[in-house]
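Architecture at a glance
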Amino acid sequence: MDLESTVMEIIINSGQARSFAYEALGKAKEGDFDGAETLMNESAEAAKQAHKVQTQLIEQDQGTGKTPMTLVMVHAQDHLMTSMLAQEMVTELITLHRRLAQRG
């Protein structure tokens, strides 16, 4: 697989991870915590796939700089990091929604 296609896998999977996380937040707002959990699991799986591709790129480079750094690669890294942050924040927000729902 060529480098561009590999990098696009990171972008696509990261985008899916972020989308699933925000869908999960929507479910939590509605009080559907089982649905939220299911979507967060989907988010985690998509992020895992993106991270797997990132790890492969790092292993191929071996710290030697032989993998060319392109704007699309930086963009992919940005997508992955923002998706990870979204997952962390959404997890906290779901917890808050759950606590509010329990109070009544």
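Residues numbered from 1 in each chain as written. Predicted model: local features only at pLDDT ≥ 70, side-chain atom pairs only at ≥ 80, totals over all residues. Heavy atoms only, no water.

With that out of the way, let us pick up the environment of arginine 18. Note that arginine 18 resides in helix α1 (residues 3-29). Relative accessible area serves as the criterion here: at 22%, arginine 18 is assigned to the partly exposed category. Separated by 25 residues in the primary sequence, arginine 18 and serine 43 have C-alpha atoms spaced 6.7 Å apart. Sequence-distant contacts of arginine 18, defined by excluding residues within four places in its chain, comprise His79, Thr82, Ser83 and Ala86. (Helix = DSSP H or I, 4+ residues; strand = E, 2+ residues; numbered from the N terminus. Buried < 20%, exposed > 50% of the residue type's maximum accessible area, 1.4 Å probe, protein only. Contact = heavy atoms within 4.5 Å.)

On to the packing of α1 against helix α2 (residues 33-61), then. Running from amino to carboxyl end, α1 crosses α2 at an angle of 165°, the nearest separation of the two axes being 8 Å. Considering their axes alone, α1 and α2 lie roughly antiparallel with respect to each other. Between α1 and α2 lies a crossing whose hand is left-handed. Within the contact of α1 with α2, the residues separate by chemical class into 17 nonpolar, eight polar and four charged. (Axes fitted to C-alpha atoms, helices over the stretch in contact; angles between N-to-C directions. Parallel < 35°, antiparallel > 145°, perpendicular 65-115°, else oblique. Left-handed = near helix turned anticlockwise from the far one by under 90°. Nonpolar A, V, L, I, M, F, W, Y, C, P; charged D, E, K, R; others polar.)

A separate point is the environment of alanine 101. Within the secondary structure layout, alanine 101 lies in helix α3 (residues 71-103). The partly exposed category is assigned to alanine 101, whose relative accessible area is 47%. Counting along the chain gives 70 residues from alanine 101 to glycine 31, while the straight-line C-alpha distance between them is 7.1 Å.

A turn of α-helix holds 3.6 residues, and therefore any two residues three or four places apart point the same way. In this model α2 runs 41 Å from its N-terminal to its C-terminal C-alpha over 29 residues, within 8% of the 42 Å that 1.5 Å per residue would give. A side-chain oxygen of the first residue of α2 lies 2.8 Å from the backbone nitrogen of glycine 35; this N-cap is aspartate 32. After α2 finishes, the residue glutamine 62 shows a positive phi value of roughly 55°. (Expected span 1.5 Å × (residues − 1). Polar contact = N/O pair within 3.5 Å; in protein donor to acceptor, adjacent residues only side chain to side chain.)

Residues Met69, Leu71 and Val74 make up a contiguous nonpolar surface patch of about 350 Å² in total accessible area. Its place among the elements puts leucine 71 in helix α3. (Patch = residues over 30% accessible without salt bridge, like charges linked within 9 Å, V, L, I, M, F, W, Y side chains within 5 Å. Areas by Shrake-Rupley, 256 points an atom, 1.4 Å probe, with all protein chains shown as cover. Salt bridge = Lys/Arg side-chain N within 4 Å of Asp/Glu carboxyl O.)

This paragraph deals with the UniProt feature "modified residue: Phosphohistidine" (unreviewed entry) in the protein chain. Here, UniProt's "modified residue: Phosphohistidine" (unreviewed entry) annotation points to His75. For histidine 75, the location among the structural elements is in helix α3. The exposure class assigned to histidine 75 is partly exposed, which follows from its relative accessible area of 39%. (UniProt positions renumbered as here; feature names shortened; annotations may be inferred.)

Take the side chain of glutamine 87 next. For glutamine 87, the location among the structural elements is in helix α3. At a separation of 2.7 Å, a polar atom in the side chain of glutamine 87 contacts the side chain of serine 43. When neighbours within four sequence positions are excluded, glutamine 87 is seen to be in contact with Ala17, Ala21, Met40, Ser43, Ala44 and Ala47.

With that settled, consider the nonpolar core. Grouped together as the largest cluster of nonpolar side chains are ten residues: Ala21, Ala24, Leu25, Ala28, Phe33, Ala36, Leu39, Met40, Val90 and Ile94. Contributing elements (two or more residues each) for this core: α1, α2 and α3. Among the nonpolar cores identified, the runner-up in size contains nine residues, and Val7, Ile10, Val53 and Leu80 belong to it. (Core = buried A, V, L, I, M, F, W, Y, C linked by side-chain atoms within 4.5 Å.)

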